[in-house]
Amino acid sequence: MTYDAEATRRRIFVAATAEFAAYGLAGARIDRIARAARANKQGIYLYFGDKEKLFGEVVRDKVDEVCHSTDLGPGDLGESVGHLFDWYQEHPELIRLLLWEALESREEVQGELERREMYREIVRGAQAGGIAGGPSGEDARRLAQDWMFTILGLVAWNFAVPQLCRLVLDEDDEAAALARRRASVVETARVLAEARRFA
């Protein structure tokens, strides 16, 4: 039987994603990750270094995944935001990872420069689509950044605080409430985009 290093690395990533989403950086345990991944602890340290580096890699991997799954640029914006909403619904671990990162990280997060560049790509797409409206140059870039941050918040908040969804939405059927929220977020994104284009 041959050893498949890439398959082992992938199993470690999957196990680490679940562990960090459940327990955060401080509460996560490498031995639990190793057991779930059917790998040994030494292999984890060999591939990723220490626990902090593994956490950073996991968060960056999930952010990269969502950034490449949806285009918030000049195409059909409502449809793109709807896809983003669906992605977050199918991958609730990203919100938990980001919340843990916010609670536990120091001033700079792992892979900050690379992650910032991923978001800049989305902002450039939004600018190209006219999201910034009339301004140009630095003003347009900042308006596109503000727009993107607002859209991310509109989508992510639905999954960051499920207890608040239950309390505020007053809906016994969670699926129906999420479907309604999805439609509301998509329509809000369209309205905001149109307002920006013609500002």
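Residue numbering note: each chain is counted from 1, following its sequence as written. For this predicted model, a pLDDT threshold of at least 70 governs which residues receive local features, and a threshold of 80 or more governs which side-chain atom pairs are given and counted, while totals over whole chains, interfaces and linings are taken from all residues. Water and hydrogen atoms play no part in the side-chain values, which are based on all heavy atoms of the structure.

(A) Seen up close, a nonpolar patch on the surface. On the surface, a cluster of nonpolar side chains totalling about 450 Å² of accessible area is made up of W157, L164, L167 and V168. Secondary structure is summarised from DSSP: a helix means a run of H or I of at least four residues, a strand means a run of E of at least two, and numbering begins at the N terminus for each. The element best represented in the nonpolar patch is helix α9 (residues 162-169), accounting for three residues. Secondary-structure assignment places V168 in helix α9. Residues forming no salt bridge and having over 30% relative accessible area are the ones grouped into patches, like charges within 9 Å of each other and nonpolar side chains (Val, Leu, Ile, Met, Phe, Trp, Tyr) within 5 Å. Per-residue accessibility takes into account occlusion by the displayed protein chains alone, with areas from the Shrake-Rupley method and a 1.4 Å probe. Each reported salt bridge corresponds to a side-chain nitrogen of Lys or Arg within 4 Å of a carboxyl oxygen of Asp or Glu.

(B) The arrangement of helix α3 (residues 41-48) in detail. Relative accessibility under 20% of the residue-type maximum defines a buried residue, over 50% an exposed one, and the middle range a partly exposed one, all with a 1.4 Å probe and only protein chains included. Buried within α3 are the following residues: G43, I44 and F48. One face of α3 carries all of its buried residues, which in axial projection span an arc of 105°. The outward face of α3, more than 90 degrees from its buried face, is lined by the exposed residues Q42 and L46. By definition, residues are in contact when any of their heavy atoms lie within 4.5 Å. Residues of α3 that are buried sit in contact with α1 (5-27), α2 (30-37) and α4 (51-67). What qualifies as a polar contact is a pair of N or O atoms within 3.5 Å, subject to a donor-acceptor requirement within protein and to the restriction that residues adjacent in sequence count only when both atoms come from side chains. Its side-chain oxygen at 3.2 Å from the backbone nitrogen of Q42, N40 defines the N-terminal cap of α3. Taking the helix axis as origin, the arc is that swept by the directions to the C-beta atoms.

(C) Seen up close, the layout of surface pockets. Quantified by volume, the largest pocket comes out at close to 820 Å³. Here a cavity denotes grid points, spaced 1 Å and computed from the protein atoms alone, that fit a 1.4 Å probe unable to get out, and a pocket denotes an open set having protein on both sides within 12 Å along at least 5 of 7 lines; residues with an atom within 4 Å of a point are the lining. L98, R115, Y119, F149 and L152 are, among the 29 residues lining the largest pocket, the residues nearest its centre. When contributions to the lining of the largest pocket are tallied by element, the ones reaching two or more residues are α4, α5 (77-90), α6 (93-104), α7 (112-128) and α8 (138-160). The element contributing the most residues to the lining of the largest pocket is α8, with eight residues. Ten residues, namely Ala, Val, Leu, Ile, Met, Phe, Trp, Tyr, Cys and Pro, are considered nonpolar, four, namely Asp, Glu, Lys and Arg, are considered charged, and the remaining ones, Gly among them, are considered polar. A per-class count over the lining of the largest pocket returns 19 nonpolar, four polar and six charged. Grid points are joined across faces, edges and corners, and a volume is the space filled by probe spheres set on the points. The volume enclosed by the second largest pocket comes to roughly 230 Å³.

(D) Geometry of the environment of V63. By the element assignment, V63 lies in helix α4. Taking the relative accessible area as the measure of exposure, V63 reaches 1% and is therefore buried. In this structure, the C-alpha to C-alpha distance between V63 and Y119, residues 56 residues apart in sequence, is 9.5 Å. V63 has contacts with L94, L98, R115, M118 and Y119, leaving out every residue within four places of it along the chain.

(E) Region of the structure containing the packing of α4 against α6. It is the contact of α4 with α6, at a shortest axis distance of 10 Å, that shows an interaxial angle of 135°. It follows from the interaxial angle that α4 and α6 lie oblique. Handedness of the α4/α6 crossing: left-handed. Between α4, through F55, V58, V59, K62, V63 and V66, and α6, the contact on the second element is made entirely by E93, L94, L97, L98, W100 and E101. The residue makeup of the contact of α4 with α6, split by class, is nine nonpolar, no polar and three charged. Lines are fitted to the C-alpha atoms to define the axes, a helix being fitted only along its stretch in contact, and any angle between axes, read from their N-to-C directions, falls within 0 to 180 degrees. Roughly parallel covers angles under 35 degrees, roughly antiparallel covers those over 145, roughly perpendicular covers 65 to 115, and oblique covers all other angles. Note: crossing handedness is left-handed where the near helix turns anticlockwise from the far helix by less than a right angle, and right-handed where it turns clockwise.

Note that every value here comes from positions in space, so none of it alone points to a role or purpose.
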